[in-house]
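If you want the building blocks of each chain, they are given just below.
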Amino acid sequence: MSAVAVVGAGPVGLTAALAAHSLGLDPVLLEAQPRTAVRPGSRAIFVHRATLDHFDRISRGLGDRVCAQGLVWRTKRTLWAGRQVHVHSYGATAAVPFTSLPQTVVEDLLRRACDAAGIRSVWGDLVRDVESTPDGVRLRTECGATHDVGHVIAADGARSRLRTQAGIALEGSTSTTEFVVVDVADSIRPDLAERVFHYRHPGVGGRNVLLVPFRGGWRVDVQCLHGDDGRQLVAQAHLWLPRVLPEVPDPRITWSSVYRFQQRLAARFTDAHRRILLAGEAAHLLPPFGARGMNSGISDAVAAARAVRAGSVEQYARVRRAAAEANVHAAGAALEHLLAARRGQRWLQWAAATASPLWSRAGHWLDAAPYGPRIRAVGY
Ligand SMILES: Cc1cc2nc3c(=O)[nH]c(=O)nc-3n(C[C@H](O)[C@H](O)[C@H](O)COP(=O)(O)OP(=O)(O)OC[C@H]3O[C@@H](n4cnc5c(N)ncnc54)[C@H](O)[C@@H]3O)c2cc1C
């Protein structure tokens, strides 16, 4: 009997398998999709320093390999109705503070690291049933295989079957406001790469717009106004993109999506027998703003493997749920700021924009608030 099975080979499951292997646990990784399946879009493009450190600890040199594929932007700018209210440059520091690249590239590097470590994996076979007892877990797959294991790290994503079968509810809310994401292909020069946040962009009818460069292109995130149809905004991207991204005269869209802010949390991060550990989107759904989704999922994955090794599942469930709760709270604060539904909030933002030329802290606040409060203390 294997000590641990990891269900789901997204970034969280792959990390959990590597972390378990690094602790001598001999994991088996089970994934529903075929190994060759290609996932669309840039998705989680921002890899935090803490995540790179996790990678280096569980697989020698992995953080460096991710950095080598990524892009680091050193300047961030915030504008209000086309006027700059804040600019900050990190300068060239020795340690890479983060890196920006498509999630698929990170997944590919994680898969290679799993292969190099000799981790057993089964692809293209969905885990259909999970049965947890005080002594272990039995997994049955669509193709008829049975896996008896001591513990399962459930990294099977937002619609987690394992979470549902364990009877654990996913609680929380989804915003009514839509956000539009468009990926635009571009070979960005790293020394010219800047992240730019626009409040009330005049070229898109006064909507908020976030531009994030990553290796291979731009991520353009537009906040719909009340009554907007996100899909229509995507269909009209050829009209507003040149005004938002003048540096790309002939924009080629490689992916687009319409999403809503999710703030959802599993009621518990483990089952009644402390045998199933929820991790990543199986445990919490967070919006892209703040880059908390994948990064916090990777912290879950590493903590879950350690908990299986140390027999401290209860503690895992408590600590990682508290971290997720803090992330949900931060996402809520970010959404409230972005929506600025109350007149007082709108006035405060306008006042900060007006004061910013004379009082830099006002511009700094406008720059930071769309991401919600920083919660580094809980390790994402
Ligand atoms: C439009 C968009 C933009 C995003 N932007 C960001 C961002 O900027 N920053 C950020 O941090 N995050 C972002 N995210 C979120 C990020 O993509 C997710 O946090 C991340 O993919 C979650 O990883 P995961 O491994 O938990 O789940 P997933 O990536 O969903 O992986 C789950 C895996 O489990 C497999 N699976 C499911 N059920 C079973 C089963 N029964 N048996 C076996 N396998 C199963 C699936 O096939 C899948 O491979 C974004 C997501 C979207 C959609």
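Look up a bit, the structure's there.
Reading the values: the criteria
- Residues numbered from 1 in each chain as written.
- Predicted model: local features only at pLDDT ≥ 70, side-chain atom pairs only at ≥ 80, totals over all residues.
- Heavy atoms only, no water.
- Helix = DSSP H or I, 4+ residues; strand = E, 2+ residues; numbered from the N terminus.
- Expected span 1.5 Å × (residues − 1).
- Salt bridge = Lys/Arg side-chain N within 4 Å of Asp/Glu carboxyl O.
- Buried < 20%, exposed > 50% of the residue type's maximum accessible area, 1.4 Å probe, protein only.
- Near = heavy atom within 4 Å.
- Polar contact = N/O pair within 3.5 Å; in protein donor to acceptor, adjacent residues only side chain to side chain.
- Areas by Shrake-Rupley, 256 points an atom, 1.4 Å probe, with all protein chains shown as cover.
- Nonpolar A, V, L, I, M, F, W, Y, C, P; charged D, E, K, R; others polar.

A word on helix α9 (residues 313–339). An ideal rise of 1.5 Å per residue puts 39 Å on 27 residues; α9 measures up with 38 Å between its terminal C-alpha atoms. With its phi angle positive at about 40°, Ala340 sits one or two positions after the end of α9.

Bringing the pattern of salt bridges into the picture now. Taken as a whole and judged by the stated rule, the model has 19 salt bridges. Where Arg207 meets Asp228, a salt bridge forms, and the shortest distance between an N and an O atom there is 2.7 Å. One end of the pair, Arg207, is in strand β13 (residues 207–214); the other, Asp228, is in the loop between β14 (217–223) and α6 (230–235), and 21 residues separate them in sequence. Looking at Arg207, the relative accessible area reads 14%, which means it is buried. Judged by its relative accessible area of 24%, Asp228 falls in the partly exposed class. As a salt-bridge pair, Arg320 and Asp300 come within 2.7 Å of each other at their nearest N and O atoms. A residue pair is termed long-range when its members are at least 10 positions apart, and Arg320 in helix α9 and Asp300 in helix α8 (residues 293–310) qualify at 20 residues.

Let us look at the site of the ligand. In the neighbourhood of the ligand, 31 residues make up the surrounding shell, with Glu31, Arg39, Gln103, Val127 and Met294 lying closest. Between a nitrogen atom of the ligand and a main-chain N or O atom of Ala32, the distance comes to 3.0 Å. In the complex, 87% of the free accessible area of the ligand, which totals 1,000 Å², lies under the protein chains. Only α1 (11–22) and α8 provide two or more residues apiece to the shell around the ligand. Counting residues per element, the shell around the ligand draws most heavily on α8, which supplies 3 residues. Looking at side-chain class alone, the shell around the ligand contains 15 nonpolar, 8 polar and 8 charged residues.

Once that is clear, we can look at unusual backbone geometry. Leaving glycine out, the prevailing phi sign among residues is negative, and the prevailing peptide bond configuration is trans. Of note, Arg43 is a non-glycine position whose phi angle comes to about 50°, a positive value. Positionally, Arg43 belongs in the loop between β2 (28–30) and β3 (46–48). Given a relative accessible area of 35%, Arg43 falls into the partly exposed group. One non-glycine residue with positive phi stands out, namely Ala340, at about 40°. Following the sequence through the fold, Ala340 ends up in the loop between α9 and α10 (343–355).

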